[in-house]
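Listed here are the chains, written in short residue letters.
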Amino acid sequence: MERVDAQDRVLGVVSRRDAVREGWLHRVGVAVCRDRRGRFLVHRRAEHLSRFPGHYELGVGGAAGVGESYEQAVARELSEELGVRAAPCLRFKFLNRDGLSPHWLAVCDAVVPEIVAPHPEEAAWHGWLTESELRRALQQWTFTPDSQAVFDRYLACRAAPDSAQERCS
């Protein structure tokens, strides 16, 4: 993966383990997946995963590889984790200090089919939630540390008059 600075400029190539251990900034991309009816895809991480086992998660994604754009990383992760092809649209990014280590987190929109096939090694459960159901779930279930921030910023971006929503329609 690429180590980056506070302006998201590449400093060099490092291992994920070193980036997490040293607290170096790196790039992560996630998609907020919605179906044609506007529901949000939520999944529960498998219990054997080293990071946040059994936690619910709103975003589907992961670390960007060397030379990969955020959108490319998200498209690859959607294919690997859900078995779907989609054209993610970058909505916003922010410096995320929640979780295991600080990183730039890019949040994309992705409209995916209602029937997805999450990789069993990654997800123990998945389901589609309306916005109000997701709001309740975020208060009642144990989510990954960044899920609430992603959801809040996603809703704010969607409501902003100058947002990139038109590009993502």
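Right above here is the structure, for reference.
Parameters and conventions
- Residues numbered from 1 in each chain as written.
- Predicted model: local features only at pLDDT ≥ 70, side-chain atom pairs only at ≥ 80, totals over all residues.
- Heavy atoms only, no water.
- Helix = DSSP H or I, 4+ residues; strand = E, 2+ residues; numbered from the N terminus.
- Rg over C-alpha atoms; globule rule 2.2 N^0.38 Å.
- Buried < 20%, exposed > 50% of the residue type's maximum accessible area, 1.4 Å probe, protein only.
- Contact = heavy atoms within 4.5 Å.
- Lys, Arg positive; Asp, Glu negative; His and termini not counted.
- Charge placed at Lys NZ, Arg CZ, Asp CG, Glu CD.
- Salt bridge = Lys/Arg side-chain N within 4 Å of Asp/Glu carboxyl O.
- Phe/Tyr/Trp six-rings, centres within 6.5 Å; stacked < 30°, edge-to-face > 60°.
- Lys NZ or Arg CZ within 6 Å of the ring centre and 35° of its normal.

Chemist: Hey, could you run me through the overall build of the chain in this one?
Modeler: Each helix and strand counted, the chain has 5 helices and 9 strands in total. Counting from the amino terminus, the chain carries its helices and strands in the arrangement β-β-α-β-β-β-β-α-β-β-β-α-α-α. Here the C-alpha atoms of the chain give a radius of gyration of 15 Å, agreeing with the 15 Å that 2.2 N^0.38 yields for 169 residues. Judged by the C-alpha coordinates and their principal axes, the chain covers about 40 × 40 × 30 Å. Counting across all 169 residues of the chain, residues that qualify as buried make up 50%. Of all intrachain contacts in the chain linking residues separated by at least 6 positions in sequence, the fraction that spans at least 24 positions is 62%. Counting 23 positive and 24 negative side-chain charges, the chain places the averaged centre of each group 1 Å from the other.

Chemist: How should the environment of R3 be read in this particular structure?
Modeler: The topology assignment puts R3 in strand 1 (residues 2-4). Residue classification places R3 among the partly exposed residues on the basis of a relative accessible area of 28%. Through-space distance from the C-alpha of R3 to that of H103 is 9.2 Å; in sequence the pair is 100 residues apart. When residues no more than four places from it in sequence are discounted, the contact partners of R3 are R9, V10, L11, G12, V14, W24 and L25.

Chemist: Explanation requested: the pattern of salt bridges in the structure shown.
Modeler: A side chain of one charge can pair with a side chain of the opposite charge when the charged atoms of the two come close. Within the structure shown, the criterion is met by 17 salt bridges. Salt-bridge contacts for E114 lead to R39; the nearest nitrogen and oxygen are separated by 3.3 Å. With a gap of 75 residues between them, E114 in the loop between strand 8 (103-111) and strand 9 (123-129) and R39 in the loop between strand 3 (27-34) and strand 4 (40-45) connect regions that are remote in the sequence. With a shortest N-O distance of 3.2 Å, R45 and E57 are connected by a salt bridge.

Chemist: Just checking my understanding: could you explain the packing of aromatic side chains for this structure?
Modeler: Each pair of aromatic rings is reported with the distance of its centres and the angle of its planes. Considering all chains together, one arrives at 8 aromatic pairs under this definition. Between Y56 and W141, the ring centres sit 4.5 Å apart and the planes meet at 35 degrees, which makes this aromatic pair tilted. Of this pair, Y56 sits in strand 5 (residues 56-57) while W141 is found in the loop between helix 3 (131-140) and helix 4 (147-159), placing the two residues 85 residues apart along the sequence. Given a relative accessible area of 19%, Y56 falls into the buried group. Classification of W141 by relative accessible area gives partly exposed; the value is 30%. Members of the aromatic cluster, connected to one another through ring pairs, are Y56, W125, W141 and F143. A cation over an aromatic ring shows up here: K93 above the ring of W104, its NZ or CZ 5.2 Å from the ring centre. The ring of F94 carries the charged tip of R153 above its face, separated from the ring centre by 3.9 Å.

Chemist: Would you explain unusual backbone geometry in this entry?
Modeler: Leave glycine aside and you will find that most residues have negative phi; peptide bonds, for their part, are mostly trans. Phi at D8 takes a positive value of approximately 65 degrees, unusual for a residue other than glycine. With respect to the element layout, D8 can be found in the loop between strand 1 and strand 2 (10-13). Assessed through its relative accessible area of 7%, D8 is described here as buried. Its identity is not glycine, yet F52 carries a phi of approximately 55 degrees, on the positive side.

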